[in-house]
Amino acid sequence: MIKTPAQLAIMRESGRLLAQVFTMLDGFVAAGRSTLELDAAVEAFIRNELKARPASLGQYDYPFCINTSINEVVCHGMPSAKDILKDGDIINIDITLEKGGYIADSSKMYMVGNVAPKARRLVEMTFETMWAGIRQVKPGARLGDIGHAIQSHAQANGYSVVREYCGHGIGKQMHEEPQVLHFGRPGTGLVLREGMVFTVEPMLNQGGAKTRSLKDGWTVVTQDNSLSAQWEHTVAVTADGFEVLTLQRG
C-alpha cells in the first residue's frame, strides 16, 4: 500500500511521537517496577502529554497498551502487577501509537541493572541484525533481500531467527500488506517501491528457533526457555533508500 507524501507526513509525526515514548521510558524502566506500572506510564504519557492514542489497547481485544516480553518471552508478553523487573533482566517493550489516523509501531530492548555478558550480546546483536535488514531497503530491492540480511547476520553470530512472527505493512491499520519475513533468499519476494511503509522487527533466540504460546493466548516463549530479544522500527521506502520513522533523536 503506497503512501502519498501527505500521508507519509502524518506517519512521520506518529513515529516522532512514538520515539518520545521510548525516551520517557529510558528514565523509567528500572528494577523493582512492575510491567503493569510500565503500561500505565505509557498510556498516561501517550494520552496526556502527546495527545495521541495507544493503538494496541483494544486491538484484537488486547487489554493493554504495550507488550512486555522478559527474558525467554519472545513477543506479546502481557503486563502484570506480578511481573517485577529485577537486576539482570532483559525486556522488550513493544508500543504502537496513532495520531491523525495513522499508526507507528516500534519496540526496544532494555537491560535492567547488571546483565550477564551473554544476554547483553544477544541484545546488541539483535539490534545489529535489525539494522542489517533496514539497510537493504530502497526502491527496486526485494523483501527477500531484507530477510536474507537478517538471517545471515543472526546465524553468523550463533543465533536462531523466529519464523512464526514477522514485520508488516502499516498505515491506517496496524497490520497491512506486505508481510516482512526475517529470513529468505536475496532477489526474491515483492519489489519495494517508494511510498511503502512497513516494520522490520526480528526476534532472535539464544537457543533454537521454536516457540510455544502460553495459556493466556498472547504470551509467546522460546520452547527451550533460552533468552530471546527483539528490536523494531517503522520504515518508509524513499526515492533513494529508506527513512526510519520511529528513530529516537540522538
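Predicted, not measured: the structure shown is a model, and the values here were computed from it. (Residues numbered from 1 in each chain as written. Predicted model: local features only at pLDDT ≥ 70, side-chain atom pairs only at ≥ 80, totals over all residues. Heavy atoms only, no water.)

## Focus on the overall build of the protein
Helices and strands together make up the secondary structure of the protein, namely 4 helices and 15 strands. Against the globule reference of 18 Å for 250 residues, the protein gives a C-alpha radius of gyration of 17 Å, in line with a compact fold. Here the C-alpha coordinates of the protein stretch approximately 45 × 45 × 35 Å along the principal axes. When the 250 residues of the protein are sorted by exposure, 54% land in the buried category. Taking as baseline every contact in the protein between residues at least 6 positions apart, the subset at least 24 positions apart corresponds to 71%. Roughly 10,900 Å² of accessible area belongs to the protein as shown, and the carbon and sulfur atoms make up 52% of that amount. (Helix = DSSP H or I, 4+ residues; strand = E, 2+ residues; numbered from the N terminus. Rg over C-alpha atoms; globule rule 2.2 N^0.38 Å. Buried < 20%, exposed > 50% of the residue type's maximum accessible area, 1.4 Å probe, protein only. Contact = heavy atoms within 4.5 Å. Areas by Shrake-Rupley, 256 points an atom, 1.4 Å probe, with all protein chains shown as cover.)

## Here we look at the nonpolar core
Among the nonpolar cores identified, the biggest contains 29 residues, and Ile90, Ile134, Val137, Ile146, Leu192, Phe198 and Val200 are the most heavily contacted of them. Mapped by element, the contributors of at least two residues to this core are α3 (117–134), α4 (143–156), β9 (197–200) and β14 (233–237). It is α3 that contributes the most residues to this core, 7 residues altogether. Counting residues in each nonpolar core, the second largest holds 26 residues, with Val21, Met24, Cys65 and Ile70 among its members. (Core = buried A, V, L, I, M, F, W, Y, C linked by side-chain atoms within 4.5 Å.)

## Points about the sheet that holds strand β13 (residues 228–230)
Spatial ordering of the open sheet is given by β6-β10-β13, a layout of 3 strands whose pairing is antiparallel. The sheet terminates laterally at β6 (160–161) and β13, the two strands that pair on one side only. (Pairing = 2+ DSSP bridges.)

## Topic: the packing of aromatic side chains
Scanning all chains against the criterion turns up 4 aromatic pairs. Look at Tyr62 and Trp218: their rings are 4.8 Å apart centre to centre, the planes differ by 70°, and that puts the pair in the edge-to-face class. Here the residue Tyr62 occupies a position in the loop between β1 (53–54) and β2 (66–70), and Trp218 occupies one in the loop between β11 (211–213) and β12 (220–222), the gap between them amounting to 156 residues. (Phe/Tyr/Trp six-rings, centres within 6.5 Å; stacked < 30°, edge-to-face > 60°.)

## Things to note about the sheet that holds β11
Note: strands within a sheet are paired through backbone hydrogen bonds, in either parallel or antiparallel orientation. Read from one edge to the other, the open sheet built from 3 strands follows the order β3-β12-β11, with strand pairing classed as antiparallel. Because the sheet does not close on itself, it has two edges, and the strands there are β3 (73–75) and β11. Looking at each pair of strands side by side, their axes are set apart by 40° on average, direction ignored. Two elements, β3 and β12, share 2 bridges in a ladder whose sense is antiparallel. The residue bridging Val73 from the neighbouring strand is Val221, located in β12. (Axes fitted to C-alpha atoms, helices over the stretch in contact; angles between N-to-C directions.)

## A closer look at the UniProt feature "binding site: a divalent metal cation 2" (unreviewed entry) in the protein
Here the UniProt feature "binding site: a divalent metal cation 2" (unreviewed entry) sits at Asp105, His168, Glu201 and Glu232. With the annotated positions falling across 128 residues, the maximum pairwise C-alpha distance of 10.9 Å places them together in a single cluster. We classify His168 as buried; its relative accessible area is 6%. Apart from the residues lying within four places of it in its own chain, the contact partners of His168 are Asp105, Met174, His175, Glu176, Pro178, Val180, Phe198, Thr199, Glu201 and Glu232. Along the chain, Glu201 falls in the loop between β9 and β10 (203–205). Non-local contacts of Glu201, meaning those with residues more than four positions away in its chain, are made with Asp105, Cys166, Gly167, His168, His182, Gln230, Trp231 and Glu232. (UniProt positions renumbered as here; feature names shortened; annotations may be inferred.)

## Here's the deal with the pattern of salt bridges
A side chain of one charge can pair with a side chain of the opposite charge when the charged atoms of the two come close. Under the definition given, this model contains 8 salt bridges. Between Lys3 and Glu176 there is a salt bridge, with the nearest N and O atoms lying 3.2 Å from each other. Separated by 173 residues along the polypeptide, Lys3 in the segment before α1 (5–26) and Glu176 in strand β8 (residues 176–180) bring together distant segments of the chain. Residue Glu176 is classed as buried on the basis of its relative accessible area of 10%. (Salt bridge = Lys/Arg side-chain N within 4 Å of Asp/Glu carboxyl O.)

## Considerations on the UniProt feature "domain: Peptidase M24" (unreviewed entry) in the protein
Per the UniProt record, "domain: Peptidase M24" (unreviewed entry) is annotated on residues 10–239. A helix fraction of 28% and a strand fraction of 27% characterise residues 10–239, whose end C-alpha atoms lie 18 Å from each other.

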